[in-house]
Amino acid sequence: MKTGYDDYAFIADLYDYVPGYAYRGDVDFYLDCCRSVNGRILELGCGTGRILIPIAESGCHITGLDFSEHMLARCRQKLQDEPEEVQKRVRLVQGKMADFDLNEIFSMAIIPFRPFQHLIEVADQMACLHQIHRHLEDNGKLVFDLFQVDPRKMFGTKFTEEESEDFSWVDLPDGRKLKRSHRISAKHWSQQYNDVELIYYVSHPDGKVERLVQAFPFRYFFRYEVLHLLERCGFRIAELYGNFDKTTLMDDSPEMIFVAEKY
Ligand SMILES: C[S@@+](CC[C@H](N)C(=O)[O-])C[C@H]1O[C@@H](n2cnc3c(N)ncnc32)[C@H](O)[C@@H]1O
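Now for a look at the structure at hand.

About the criteria used
- Residues numbered from 1 in each chain as written.
- Predicted model: local features only at pLDDT ≥ 70, side-chain atom pairs only at ≥ 80, totals over all residues.
- Heavy atoms only, no water.
- Helix = DSSP H or I, 4+ residues; strand = E, 2+ residues; numbered from the N terminus.
- Buried < 20%, exposed > 50% of the residue type's maximum accessible area, 1.4 Å probe, protein only.
- Contact = heavy atoms within 4.5 Å.
- Areas by Shrake-Rupley, 256 points an atom, 1.4 Å probe, with all protein chains shown as cover.
- Pairing = 2+ DSSP bridges.
- Axes fitted to C-alpha atoms, helices over the stretch in contact; angles between N-to-C directions.
- Lys, Arg positive; Asp, Glu negative; His and termini not counted.
- Salt bridge = Lys/Arg side-chain N within 4 Å of Asp/Glu carboxyl O.

Regarding the overall build of the protein chain
Stage number 1. The helix and strand tally for the protein chain stands at nine helices and eleven strands.
Stage number 2. The dimensions of the protein chain, computed from C-alpha atoms along their principal axes, are 55 × 50 × 30 Å.
Stage number 3. Within the protein chain, the fraction of its 263 residues that count as buried is 54%.
Stage number 4. Long-range contacts, defined as pairs at least 24 residues apart, comprise 66% of the intrachain contacts of the protein chain with a sequence gap of at least 6.
Stage number 5. In the form shown here, the protein chain has an accessible surface area of approximately 12700 Å², with 49% of it arising from carbon and sulfur atoms.

Next up, the structure:
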């Protein structure tokens, strides 16, 4: 399992300052989902708590699981600024999405911002869904988002050399500046994954510029593949959206957001 999140501390340090993450527009969507059930929430791949903390603030009890100690440490640090009653509603666990045992039953599981796409093999995807199924109450819900494939970006050259800028310099609170690019270093069409590099440039007040690379394989999925996968693991689809404003999935939708129900 290679995601970079567990290997490099710099990702947890910089994650919350990436404008595309901070303004992704998914927080209210997941908040609504969690408030619609009256019970405990499980978040897989909770990272720095970008979604988990607002959910706990809203009054829900939530358990966050993540493989990366660096991301969990950042989440714990942010939680320390929260009132005690919010902190008490959160349980954080270090573990793998495809193999966990929390000894807790949940009303809803969520996997915000694509951690499921780090599961490259079907066996791991199914293991993850089986574990979620086992941890949900009867008729419990599973909500997760994946990007929808843009076929124009999929093809072209098999190996790409150029970096493409995600955002230009932004100021960090401690005086550093950050910009980021990304690069697809190889495409594996027959196995439906790309080798992705997220390239962080950090400019320090003394003029030093660091180039830090998070390299990882990233799986992509198609709508009906996910429906079949869910069916095989005991879930039926309740809703399928193309964006966080709950619009229907269409050809040019950026996301595929699945709301599934355990049966
Ligand atoms: C893009 S971040 C999403 C974090 C958070 N859900 C959010 O919306 O900001 C992906 C997270 O998934 C975690 N992750 C990736 N693969 C995982 C696995 N197999 N098991 C547990 N966590 C995993 C990473 O450590 C990382 O924190």
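Here the narrative resumes, following the displayed structure.
Remarks on the sheet that holds strand E10 (residues 235–241)
Stage number 1. If you walk across this open sheet you meet the seven strands as E3-E2-E1-E4-E5-E11-E10, and the pairing is mixed. The strands lining the two open edges of the sheet, one partner per strand, are strand E3 (90–94) and E10. Taking each pair of neighbouring strands and ignoring which way they run, the sheet shows an average axis angle of 20°.
Stage number 2. Here strand E5 (residues 136–147) runs beside strand E11 (residues 255–262); their pairing, made up of seven bridges, is antiparallel. Note that in E11 the partner of Leu142 across the bridge is Ala260.

Remarks on the side chain of Arg89
Stage number 1. Among the structural elements, Arg89 can be located in the loop between helix H6 (84–88) and E3.
Stage number 2. The buried charged residue Arg89 lacks any salt bridge, with Glu85 as its nearest oppositely charged partner at 5.5 Å.
Stage number 3. If near-sequence neighbours (up to four positions away) are discounted, Arg89 is found in contact with Ala56, Glu57, Gly59, Cys60, His61 and Ile62.

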